[in-house]
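Letter by letter, the chains look like this.
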Amino acid sequence: MELNYKLTEEDYIGFNLFHAKNSKAIKKQITLQRILVPVMYIVLAILAAYFLDVPFLVLFIPLLAVAILWFLFYPAYFYRLIKRNATKMIREGKNDALLGQHTMIFTEHGLREISPKGEMSLSWSGIENYGEDDSGFYLYNSGMSALIIPKRELRDTEGVGSFLAEKIRL
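Cut-offs and rules
Residues numbered from 1 in each chain as written. Predicted model: local features only at pLDDT ≥ 70, side-chain atom pairs only at ≥ 80, totals over all residues. Heavy atoms only, no water. Buried < 20%, exposed > 50% of the residue type's maximum accessible area, 1.4 Å probe, protein only. Helix = DSSP H or I, 4+ residues; strand = E, 2+ residues; numbered from the N terminus. Arc of directions from axis to C-beta. Contact = heavy atoms within 4.5 Å. Core = buried A, V, L, I, M, F, W, Y, C linked by side-chain atoms within 4.5 Å. Pairing = 2+ DSSP bridges. Patch = residues over 30% accessible without salt bridge, like charges linked within 9 Å, V, L, I, M, F, W, Y side chains within 5 Å. Areas by Shrake-Rupley, 256 points an atom, 1.4 Å probe, with all protein chains shown as cover. Salt bridge = Lys/Arg side-chain N within 4 Å of Asp/Glu carboxyl O. Axes fitted to C-alpha atoms, helices over the stretch in contact; angles between N-to-C directions.

Trainee: Lay out helix α4 (residues 157–167) in plain terms, naming residues and giving numbers.
Mentor: Here α4 has its buried residues at Val160, Gly161, Phe163, Leu164 and Lys167. Buried positions in α4, seen along its axis, are confined to an arc of 165° and lie on one side of it. Residues of α4 that are buried in the fold lie against β1 (2–7), β2 (100–106), β5 (129–132), β6 (136–140) and β7 (146–150).

What follows is the structure, encoded as structure tokens:
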């Protein structure tokens, strides 16, 4: 099977968001930050009330409001930050090998990706993980990088998905 597609900046950003939303380490980091920062605000209110001789509720109520807002909106802020940083990174240098026209050829033994800057071959056992969302298929060749196949460029997304699921048995 041979696929021809064009990778765009949006595809790269989409992969980074997918990775952030599905990575155990990042999920743990978000949960930790989502809980610890509000706790620190509340502890700050207690300490400030004690040492500054200010009525407790005068400090506690505004800091509690900030803590609640942090807890509610931190994940959205974090993912927006991921998107902004991915956009900056992609625009930072030459990314001719990453973006642009790609051809991926699937064989019984693996795959071959051809980009404007070269070729890469990978056996099926070299795929460490496989991910999929509404916008693409992600074939992880390491813990943090993947070959991106955008679904908008495919005629038969279900066929490609079932083919990949059959070949990549994780």
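Trainee: Pulling in residues and values, what's your account of the nonpolar core?
Mentor: Of all hydrophobic cores here, the largest spans 24 residues; its most connected members are Met104, Phe106, Leu111, Trp124, Leu139, Ile149 and Leu164. Secondary structure elements with two or more residues in this core: β1, α1 (9–22), β2, β6, β7 and α4.

Trainee: How would you summarise the pairing of β2 if you had to cite specific residues and measurements?
Mentor: The element β2 is extensively covered by neighbouring structure, given that six of its seven residues are classed as buried. Inspection of the sheet shows β1 paired to β2 by six bridges, in the antiparallel sense. When the bridges of β2 are listed, Leu3 appears paired with Met104. The sheet contact formed by β2 and strand β3 (residues 110–115) spans four bridges and is antiparallel. Pairing of Thr103 across the sheet is with Ile114, part of β3.

Trainee: A description of a nonpolar patch on the surface should follow, citing residues and the corresponding values.
Mentor: On the surface, Ile35, Val39, Val43, Leu47, Tyr50, Phe51, Leu52, Ile68, Leu69, Phe71, Leu72 and Phe73 cluster together into a nonpolar patch covering about 1200 Å² of accessible area. At the level of elements, α2 (24–52) and α3 (56–92) are the ones that each hand at least two residues to the nonpolar patch. When residues of the nonpolar patch are assigned to their parent elements, the largest contribution, seven residues, is made by α2. Within the secondary structure, Tyr50 sits in helix α2. The exposure class assigned to Tyr50 is exposed, which follows from its relative accessible area of 66%.

Trainee: Give a detailed account of the pattern of salt bridges, specifying residues and quantitative values.
Mentor: A side chain of one charge can pair with a side chain of the opposite charge when the charged atoms of the two come close. Summed over all chains, the structure comprises four salt bridges. When the shortest N-O distance is used, the salt bridge between Glu119 and Arg112 registers 3.4 Å. Since its relative accessible area comes to 34%, Arg112 is described here as partly exposed. Linking Glu132 and Lys151 is a salt bridge whose minimum nitrogen-to-oxygen distance equals 2.7 Å. With Glu132 in strand β5 and Lys151 in the loop between β7 and α4, this pair connects stretches of sequence that are 19 residues apart. Given a relative accessible area of 39%, Glu132 falls into the partly exposed group. Classification of Lys151 by relative accessible area gives buried; the value is 16%.

Trainee: Explain the sheet that holds β3 to me, and be specific about the residues and the numbers.
Mentor: Sheet architecture is open: four strands sit in the order β1-β2-β3-β4, paired in antiparallel fashion. Both edges of this open sheet fall to β1 and β4 (118–123), since each of them pairs with a single strand only. Between one strand axis and the next, the sheet turns by 20° as a mean value, whatever way the strands run. Alignment of β3 against β4, held across six bridges, turns out to be antiparallel. Paired with Gly110 across the strands is Ser123, a residue of β4.

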